[in-house]
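# Structure assessment
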Amino acid sequence: AFYSNITVEKKGKKNNVGFIQLNRPKALNALCDALMKELQTALSDFSKDEEVGCVVLTGSNKAFAAGADIKEMQPREFAEVYKGDFLGFWNSISLFKKPIIAAVNGYALGGGCEIAMMCDIIYAGEKAKFGQPEILLGTIPGGGGTQRLTQAVGKSKAMEMVLTGDQISAQEALQFGLVANVYPVEELVDKVMEKAEKIASMSQIATGMAKEAVNSSYEMTLAEGIHLERRLFHSTFATILKLAINSIGSCNMGIINAKL
Ligand code: HXC
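Numbering of residues starts from 1 in every chain and runs along the sequence as written. Where totals are concerned, whole chains, interfaces and linings use all residues; where local detail is concerned, this predicted model gives features only for residues with pLDDT of at least 70, and gives and counts side-chain atom pairs only at 80 or more. To obtain the side-chain values, all non-hydrogen atoms of the structure were included, while hydrogens and water were left out.

Here the focus is the layout of surface pockets. Points on a 1 Å grid over protein atoms alone make up a cavity when a 1.4 Å probe fits among them but cannot get out, and a pocket when they form an open set with protein on both sides within 12 Å along at least five of seven lines; lining residues each have an atom within 4 Å of a point. Grid points are joined across faces, edges and corners, and a volume is the space filled by probe spheres set on the points. Taken as a whole, the largest pocket holds about 1,100 Å³ of empty space. If you go around the largest pocket, you meet 31 residues; those closest to its centre are Met-118, Cys-119, Asp-120, Asn-215 and Tyr-218. The numbering of helices and of strands both runs from the N terminus, where a helix is a DSSP run of H or I of at least 4 residues and a strand a run of E of at least 2. Listed by contribution, the elements that provide at least two residues to the lining of the largest pocket are α4 (111-118), β7 (121-125), α5 (145-153) and α9 (204-216). No other element matches the eight residues that α9 contributes to the lining of the largest pocket. If you add up the space inside the second largest pocket, you get close to 380 Å³.

What follows is the structure, given as structure tokens:
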């Protein structure tokens, strides 16, 4: 596929990490429709690519993404956004089956923060800034910000961010559990690639099920979630059994894992 708002490649020693970089530098990676459609296409291709076991989504050092494209949104009216379910298709990122990691340097604002939160893990560079500034424009988050941010940082901090539009630093994001770790700006992508390659070297069936089980904790009661987890766990015995038989004498789990 030809992309003009993102770059897409396969990276890692085993070429098993899908790497997507948002690349609209003049607009600080504002998420225009064209960019979001390209992102969807890239993810769809990676979901079909059996070699790819993990995806990394990143931006530039200045901006992961400064939000939905304000210039594109400005002329839109209620009837159009309602009938067209504006931003509805963004949610496809959260339905992506393989592990996906956001590597955030610089601004992750509005829709930028929201797509980072649709990923499974967020790592931040030291200068990253997270925020939901929609209130400053007279609107509210429309890509899951009021929901996922609240789940990540708790009600008080989420309310503060959503009602004031104030940004938080990478360190605060770490303190409140929005990000898994913070790295120096120049090291972020390498550190994230290390994690991504590690995840991509695991059984894709196991990482897929692990992701499904963790995500279900946001959708289900505890009893339902535990039930689902146990059933998924049981089902891994279909592949673990093969592992055990195949590894007699060799114990080379890595090679076997890669096939399952
Ligand atoms: C379109 C954007 C943009 C955006 C920046 N740009 N953010 N264009 N949509 N969200 C453009 C600017 O217009 C400018 O282009 C160029 O990027 C550089 O931006 P500057 O403002 O000159 O950079 P700087 O002074 O460094 O300030 C960076 C910034 C600021 C603090 C991130 O750009 C900013 O506040 N941006 C808006 C952030 C925001 O409100 N995001 C939420 C959007 S709403 P030109 O051509 O002028 O040089 C949203 C959810 C909507 O995401 C869902 C509900 C409907």
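What follows picks up the thread again.
Looking now at the sheet that holds strand β5 (residues 100-104). The rule for pairing is simple: two strands pair if DSSP sees at least two bridges between them. Taken in spatial order, the six strands line up as β1-β2-β3-β5-β7-β10 in an open sheet, and their pairing is mixed. Both edges of this open sheet fall to β1 (6-11) and β10 (181-183), since each of them pairs with a single strand only. For this sheet the average axis-to-axis angle between neighbouring strands, irrespective of direction, equals 20°. Where β5 lies against β7, four bridges are found, and the strand directions are parallel. For Ala-102, the partnering residue across the bridge sits in β7 and is Ile-122. Helix axes use the C-alpha atoms of the stretch in contact, all axes being lines fitted to C-alpha atoms, and the angles between their N-to-C directions lie in the range 0 to 180 degrees.

Just to be clear on terms, a salt bridge is a Lys or Arg side-chain nitrogen sitting within 4 Å of an Asp or Glu carboxyl oxygen. Taken as a whole, this structure holds nine salt bridges when the rule is applied. A salt bridge links Arg-24 to Asp-69; the nearest nitrogen and oxygen atoms lie 2.7 Å apart. Taken together, the residues Arg-24 in the loop between β2 (17-22) and α1 (33-48) and Asp-69 in the loop between β4 (63-65) and α2 (70-73) connect sequence positions 45 residues apart. The exposure class of Asp-69 is buried, given its relative accessible area of 9%. Its salt-bridge partner being Asp-120, residue Lys-211 comes within 2.9 Å of it at the nearest N-O pair. Taken as a pair, Lys-211 in helix α9 and Asp-120 in the loop between α4 and β7 lie far apart in primary sequence, 91 residues in all. When accessible area is computed with a 1.4 Å probe and restricted to protein chains, residues below 20% of their type maximum are described as buried, those above 50% as exposed, and intermediate ones as partly exposed.

Purely geometric stuff here, so don't read any function into it on its own.
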